[in-house]
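Here are the chains, one letter per residue:
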Amino acid sequence: GYSNDVSVSLSAGVSGRQARVEISRGCPKKCAFCGLGWMGKPRHNDSMAILSAIACLPSVHLQACDAEAHPQISEIRKSMRASGQIDTGCTASLDECFDTGSSLFYNKMFNFGIEAATERVRKRIGKARLSNEFIVEATADLFRRYNKHGVESSRVAWHMISGLPGEKIDDLDELANTLRELERVMMRRDKVTGFIQIRWQPLFPQPGTPFQWCAPGNNAELWATELKRKIGKTYALKLSHVGGRRN
């Protein structure tokens, strides 16, 4: 259960006056591979309690499985912006980030859960909105705003999973085409630049999820290397490929 208090940690290992404040637990989504959405109803700490706990802190990590799903996230960020506070938390939802773009802090880390190389498998795992076309438009929109504000786009990552059921390494052709289309839009239509770190890890079946009895995914480093080969050289869109854990 939840405590009535907002859980703030100011451990000695954190530099300066940065804090972590837990704004919610659980996840409203039920992605087939992730246990966080299958552990019960998500719970949220009240925005006034959160703002009271962080009132004197210049740098705050808003900790949650999905911070964008907090029903009062826009009000929280608006108040933080007015106070000159920095949100150092990570945003993982590309669609919610796109929907609430006006509330973004540009120093945040964006680790978007794209997960699958193909539209077909994204629909199967609970990410149906992330069509190839939407991924291109939403990512290009983020880079447009980065360029407009003169901010380096070095804190954007895509999280990918190797070995999802129904997906083979040959399906990376579709992901490579999506990235090439993103660069085309950035160069010819928007005339902007950007950087994405593509982070791979193998599937780890989680208890209590629809994928709990699936076989673990295979070598993520191999998928990262193969995608890099298929894409080739890019110009407006700079890419970094990280293989992550191998097993």
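Quick notes on the rules
- Residues numbered from 1 in each chain as written.
- Predicted model: local features only at pLDDT ≥ 70, side-chain atom pairs only at ≥ 80, totals over all residues.
- Heavy atoms only, no water.
- Core = buried A, V, L, I, M, F, W, Y, C linked by side-chain atoms within 4.5 Å.
- Buried < 20%, exposed > 50% of the residue type's maximum accessible area, 1.4 Å probe, protein only.
- Helix = DSSP H or I, 4+ residues; strand = E, 2+ residues; numbered from the N terminus.
- Contact = heavy atoms within 4.5 Å.
- pLDDT = per-residue confidence, 0-100.
- Polar contact = N/O pair within 3.5 Å; in protein donor to acceptor, adjacent residues only side chain to side chain.
- Salt bridge = Lys/Arg side-chain N within 4 Å of Asp/Glu carboxyl O.

**Q** Hey, could you run me through the nonpolar core in this one?
**A** Most often, soluble globular proteins have nonpolar side chains that are buried together. Judged by nonpolar contacts, the single largest core of 36 residues is most densely connected at Phe-112, Trp-158, Leu-175, Trp-200 and Leu-227. Residue assignment for this core shows that the elements contributing at least two residues are helix H3 (94-99), strand E8 (109-115), helix H5 (132-148), strand E9 (156-162), helix H6 (172-190), strand E10 (194-202) and helix H7 (220-231). Ignoring sequence-local partners within four residues, the contact set of Phe-112 consists of Thr-91, Ala-92, Ser-93, Leu-94, Cys-97, Leu-142, Val-156, Ala-157, Trp-158 and His-159. Counting residues in hydrophobic clusters, the runner-up holds 13 residues, among them Ile-54, Leu-57, Leu-62 and Ile-76.

**Q** Looking at this structure, I do not really get the confidence of the model for the protein. What am I missing?
**A** Parts of the prediction with low pLDDT should not have their coordinates interpreted in detail. Across the protein, the average pLDDT comes to 84, with 86% of residues at 70 or higher. The weakest mean pLDDT in the protein belongs to strand E1 (residues 8-9) at 51; the strongest belongs to helix H4 (residues 119-125) at 96.

**Q** Help me understand the environment of Asn-132, please; the structure alone is not making it clear to me.
**A** Considering the arrangement of structural elements, one finds Asn-132 in helix H5. Taking the relative accessible area as the measure of exposure, Asn-132 reaches 16% and is therefore buried. Setting aside residues up to four positions removed in sequence, Asn-132 forms contacts with Glu-119, Arg-122, Glu-174 and Thr-178. Here the side chain of Asn-132 touches Arg-122 through a polar contact of 2.4 Å, side chain to side chain.

**Q** Just checking my understanding: could you explain the side chain of Glu-68 for this structure?
**A** Note on placement: Glu-68 falls in the loop between strand E5 (59-63) and helix H2 (73-82). Of the residues examined, Glu-68 reaches a relative accessible area of 9% and is grouped as buried. Within the structure, the side chain of Glu-68 is placed 3.0 Å from the side chain of Arg-77, a separation counted as a polar contact.

**Q** Even after reading the chapter, I still don't get unusual backbone geometry, so can you show me in this structure?
**A** Glycine aside, the phi torsion of most residues is negative, and most peptide linkages are trans. Phi at Glu-115 is positive, roughly 70°, even though this residue is not glycine. Relative to the helices and strands, Glu-115 resides in strand E8. Positive phi outside glycine occurs at Lys-191, with the angle close to 55°. Within the fold, Lys-191 resides in the loop between H6 and E10. A relative accessible area of 66% places Lys-191 in the exposed class.

**Q** Even after reading the chapter, I still don't get the side chain of Ser-162, so can you show me in this structure?
**A** Inspection of the secondary structure assignment puts Ser-162 in strand E9. Those residues in contact with Ser-162 that lie beyond four places of it in its chain are Trp-200, Gln-201, Pro-202, Leu-203, Gly-217, Asn-218, Asn-219, Ala-220 and Trp-223.

**Q** I'm lost on the pattern of salt bridges in this one. Help?
**A** Any two side chains of opposite charge can pair, given that their charged atoms come close. Under the counting rule described, the total for this entry stands at 14 salt bridges. One salt bridge connects Arg-229 with Glu-226, and the closest N-O pair in it is separated by 2.6 Å. Here Arg-229 pairs with Glu-226, and both are found in helix H7, just three residues apart, close to one helical turn. Three or more residues are tied together by salt bridges with common partners; here these are Glu-137, Asp-141, Arg-144, Arg-145, Arg-189 and Asp-190.

**Q** How should the environment of Cys-97 be read in this particular structure?
**A** For Cys-97, the position within the fold is in helix H3. With relative accessibility at 2%, the residue Cys-97 sits in the buried group. For the pair formed by Cys-97 and Ala-138, sequence separation is 41 residues and the distance between their alpha carbons is 8.4 Å.

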